[in-house]
Amino acid sequence: MRIGQHLPRLCRLWFAALALCAPALAQPLVQQELDSLARQLQVQYRVEDNLQARGCDPKEGNGHCFDASLSLELPVDLPASGWRLYFSSTVPIESDGSALFDIQHLNGDLHRLVPTAAFKGFKAHQRYRIPFKAAFWSVSESDVMPNYFLAAPGLAPRTVTSTEERIDPDSGLHYLPHAAPFTMPAQQRRNPEDQIPQATAAWLYHQNQTLAAAPAKAGERIIPAMASSQPNGQRLSLAGGIRLVATPAVEAALARLAKLGVKDDPAGMPVQLAPSATLHAEAYRLDIDDGGVKVSAGSGAGYFYGLESLASLLDPATRTVPQGHFEDAPRYGFRGVHLDIARNFHSKAMILGLLDSMASLKLNKLHLHLADDEGWRLQIPGLPELTDLGAYRCFDPKEQQCLLPMLGSGPSRNTPVNGYLSVADYQQILLYAQARHIEVIPSLDMPGHSRAAIKAMLARYRQLMRAEKPEQANRYLLSDFDDKTVYSSVQYYDDNTLNPCLDSTYNFIQKVLSEVQAMHQAVGVPLRRYHIGADETAGAWKNSPRCQALMKQEGLADAEQLTGYFVQRITHMVNDMGITAAAWSDGLSHVKRQALAPRIQANIWDTLYWGGHNKAQDFANRGWDTVLSLPDVLYFDFPYQADPKEPGYYWGSRATDSFQVFQFMPDNLPALAELWTDRMGHPYQADDASPLKDGQQITGFQAQLWSETVRSDSRAQYMLFPRLFAFAERAWHKAPWELPYVPGRHYDQHSGHFDAARRQQQLADWQGFAAALVHKALPELARSQVMFRLPPPGAVIEGGQLHANLPWPGLTIQYRQDGGPWLPYRAGVAVKGKVEVRSRLPGWPRGSRPLAVASGH
């Protein structure tokens, strides 16, 4: 039967009025029965087949769909009653094949399963299977959302226990018990064209062999690498501390040294900060000899980075640093991290910890994504509804107290994925970042991705109308009651886009911007950049009388041009406040270059295999600040490897590991066609059709962590680290093996410009980087209790003997048989039964994700 997207709109919006949507059932539940049902109901979500699904809706998923099923089982009899099962699916369920249940799409990713009149109640230990078809494909356990919940009229909703997220005690990783394993090719491949190999133990074993180079030691290598490192073989002890007159510019770097055991001491080794007129703002020199340390720089940032490098050079065991001469300067002025705390909230403590890590890696921009469809996360004085309602998701169908429970947030307000930053929290983050020479770039996405704001301002409107204050009610209203346009956003919302034709829309934006700017000014941290978003606007506004009038007034041919109108108007509003505007590239693509202020930041999020290199170079040729945000390599919410147990979205890349990030050549984007494939594993061609003009260049690049599937601080850290180390390496340091840019050149996997000599040079550099990662960087993260990913080993069994290897030097390998104790691996050890392997960081208890090893012949 068709799903509930075809139900009357009244039924979809007021789905709490259950009698409107389905016939009443005879024996309604009482609270105790609903509680028991939630505790005992066993739910399983199983992907059946991505390859042979038929009858797909051609309007969804580009005509692709997959077969899947939900299964329900109860250990006791339970008569039919008025319960409903609510759950999230981030791809729309197109149809179901059950006569006993109906799956209905409500809005966004929220669905519900409703018993039909044919369902007479649960029979003990009988499994009820509901087959369905859903758009696109599903090959990852993280596609499955947690916290299915039951609701019934007049009763408090309850989360189904079998769908709650759990933590594996060995690896520390989250998992969902109701996600059935993905073990068959039809479950692991997205469609028949998918050629990405699964990251099995055997595949990793052979892959690790291709990364092998001469054994590397960490030596004096730090991350990111310095431009010039000339140690003389001697070492200087800092065990007695250091003596330095602290300034605000370097206090945070001294705090890191103190944490590593090098504290301020009047009798300590002298550290001199020496001004230099020849070094630019972020450059520095380090001279270390028997007499102490001299840091030369032209600014506070230069001194700060010099001391951060001193901390990175430190051997924690001996508290000594190498003597010699070291010089360094950044490759790019913009070295950013984007953190989404809107879809799922992440704590202030997590953000402060991330700022510490960014400082140690010399990253200098934090793009803080504070509002989206699923949440508004920054307190705005004068508009309390934005956080009172918009910062919370729960089961409130009328959305008077909270937003709908999207992304598996469950029925309760009291969950870690809910929350917001108070003004004081945000200002503390600003000051913390400033002390680490990091600029915070706030983003409150609009005109699309604005559902949280729209619903919050609608609640404000209703409250003020009840108080008979219509002028105040309409001042910040973001809803157009006369707009009858039916649309569906990329995330399947039908009500998430601001109307650019309402004066109240711009009143709201001006109010929010003014309050955010005031927060910055109050603590002496100027708001220099503001990111408006401007991405993924759906086909809204077409039937809005206000927009039809505005289009006539402005001479716009169709509603699609309203995005450009909005972006132009908002960027000028931001610029008039003395702030540089930033936006995603698709929104800016709607605007003529001359219509915008000459200073604007464009984040390029087109994939390389779809021509993203040309988009980036075209925008740079316009003279805009062009920041690479390419999904192929810079979306850290994507999986590390093609394994169903590796979490993350994968629409742009099935696997993005640390080595791929390390390989990135941002100065020569077309050349990456020689090294990488498209998202399905096929080679692609890159013709440099928009060559960079003389004098134009990329401004920098940014790592993105979107949080649709990132529900905890520890998961956010896992997705960021260690990839962020490789990101910082490329953002700060240009490697000698990178191909120089030649305008107009063609690249593919056979063009041969990245030759064998460069490959060997790259692998040797990688081994040095990986050694520094294992021996220095990761132990420091571990001491700070930061969750990071360790790569599983590669392994094969041949002739009854286990052979295993690692992609990084310095890790250790353990194995176990038939679920027994973990044992140290030694080459060629005899094994039998079910064999698993994992990697370990020496000295630390947690291991990598265990990986099963298939027996050979």
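Our structure's up above, just so we're on the same page.
Residues numbered from 1 in each chain as written. Predicted model: local features only at pLDDT ≥ 70, side-chain atom pairs only at ≥ 80, totals over all residues. Heavy atoms only, no water.

Engineer: What is the right way to read the environment of Lys398 from this model?
Structural biologist: Among the structural elements, Lys398 can be located in the loop between α9 (385-388) and α10 (423-435). Along the chain, Lys398 and Ala459 lie 61 residues apart, while their C-alpha atoms are 9.9 Å from each other. (Helix = DSSP H or I, 4+ residues; strand = E, 2+ residues; numbered from the N terminus.)

Engineer: Looking at this structure, I do not really get the packing of aromatic side chains. What am I missing?
Structural biologist: When we look at a pair of aromatic rings, we describe it by the centre distance and by the angle of the planes. Per the stated rule, a full pass over the model turns up 41 aromatic pairs. A ring pair is formed by Phe659 and Trp766, whose centres lie 5.1 Å apart and whose planes are at 70 degrees; its orientation type is edge-to-face. A residue pair is termed long-range when its members are at least 10 positions apart, and Phe659 in helix α19 (residues 658-663) and Trp766 in helix α22 (residues 756-783) qualify at 107 residues. Trp766 shares its class with Phe659; the two are buried. Ring geometry for Phe701 against Phe727: centres 5.1 Å apart, planes inclined by 80 degrees, an arrangement best described as edge-to-face. You can see Phe701 sitting in strand β29 (residues 700-705) and its partner Phe727 sitting in helix α21 (residues 723-732), a full 26 residues away along the chain. For the pair Phe701 and Phe727, a shared accessibility class is recorded, and that class is buried. Three or more aromatic residues joined by ring pairs make a cluster, and in this case those are Tyr332, Phe636, Phe664, Trp676, Phe701 and Phe727. Cation over ring: Arg413 sits above Tyr392, and NZ or CZ is 3.9 Å from the ring centre. (Phe/Tyr/Trp six-rings, centres within 6.5 Å; stacked < 30°, edge-to-face > 60°. Buried < 20%, exposed > 50% of the residue type's maximum accessible area, 1.4 Å probe, protein only. Lys NZ or Arg CZ within 6 Å of the ring centre and 35° of its normal.)

Engineer: Please clarify how the sheet that holds strand β36 (residues 835-840) should be interpreted in this entry.
Structural biologist: Strand pairs in the sheet, formed through backbone hydrogen bonds, run parallel or antiparallel to each other. Sheet architecture is open: 4 strands sit in the order β34-β33-β36-β37, paired in antiparallel fashion. With one partner strand each, in any of the chains shown, β34 (823-824) and β37 (851-853) form the two edges of the open sheet. Sheet analysis places strand β33 (residues 812-817) next to β34, joined by 2 bridges and oriented antiparallel. Counted as the bridge partner of Gln814 is Pro824 from β34. (Pairing = 2+ DSSP bridges.)

Engineer: Whenever I open this one, the nonpolar core confuses me. Can you help?
Structural biologist: Soluble globular proteins tend to pack their nonpolar side chains together in the buried interior. In this structure, Trp376, Phe508, Phe664, Leu724, Phe725, Phe727 and Leu802 are the most contacted members of the largest nonpolar core, which totals 166 residues. Ranked by the residues each element gives to this core, the list is headed by α22, at 11 residues. With residues near it in sequence (within four places) discarded, Leu724 still touches Val337, Leu354, Leu361, Leu363, Phe636 and Ala703. Of all hydrophobic cores here, the second largest spans 37 residues; its members include Val43, Tyr45, Phe122 and Phe182. (Core = buried A, V, L, I, M, F, W, Y, C linked by side-chain atoms within 4.5 Å. Contact = heavy atoms within 4.5 Å.)

Engineer: How do you make sense of the packing of helix α8 (residues 348-360) against α10 when you look at a structure like this?
Structural biologist: The geometry of α8 relative to α10 is characterised by a closest axis approach of 10 Å and an angle of 10 degrees between their N-to-C directions. Here α8 is positioned roughly parallel relative to α10, judged by the angle of their axes. Side by side, α8 and α10 meet where Lys348, Ile351, Leu352, Leu355 and Asp356 of the first sit next to Asp425, Gln428, Ile429, Tyr432 and Ala433 of the second. Tallied by class, residues from the contact of α8 with α10 come to 6 nonpolar, 1 polar and 3 charged. (Axes fitted to C-alpha atoms, helices over the stretch in contact; angles between N-to-C directions. Parallel < 35°, antiparallel > 145°, perpendicular 65-115°, else oblique. Nonpolar A, V, L, I, M, F, W, Y, C, P; charged D, E, K, R; others polar.)

Engineer: Would you take a moment to explain unusual backbone geometry for this structure?
Structural biologist: Trans peptide bonds make up most of the peptide bonds, and negative phi angles are found at most residues other than glycine. For the bond from Ile223 to Pro224, the omega torsion is -5 degrees, close enough to zero to count as cis. If you trace the backbone, Pro224 turns up in the loop between α5 (201-210) and β14 (228-237). Between Met446 and Pro447 the backbone carries a cis peptide bond, its omega angle lying at 0 degrees. In this fold, Pro447 is placed in the loop between β23 (439-446) and α11 (451-466). Here Lys362, not a glycine, exhibits a phi torsion of approximately 65 degrees, which is positive. Mapped onto the secondary structure, Lys362 falls in the loop between α8 and β21 (365-372).

Engineer: What am I meant to see in the side chain of Asp765 here?
Structural biologist: Within the secondary structure, Asp765 is located in helix α22. The class of Asp765 is buried, set by a relative accessible area of 18%. At 2.8 Å, the side chain of Asp765 and the side chain of Trp737 are in polar contact. Those residues in contact with Asp765, other than ones at most four positions away along the chain, are Arg221, Phe662, Ala735 and Trp737. (Polar contact = N/O pair within 3.5 Å; in protein donor to acceptor, adjacent residues only side chain to side chain.)

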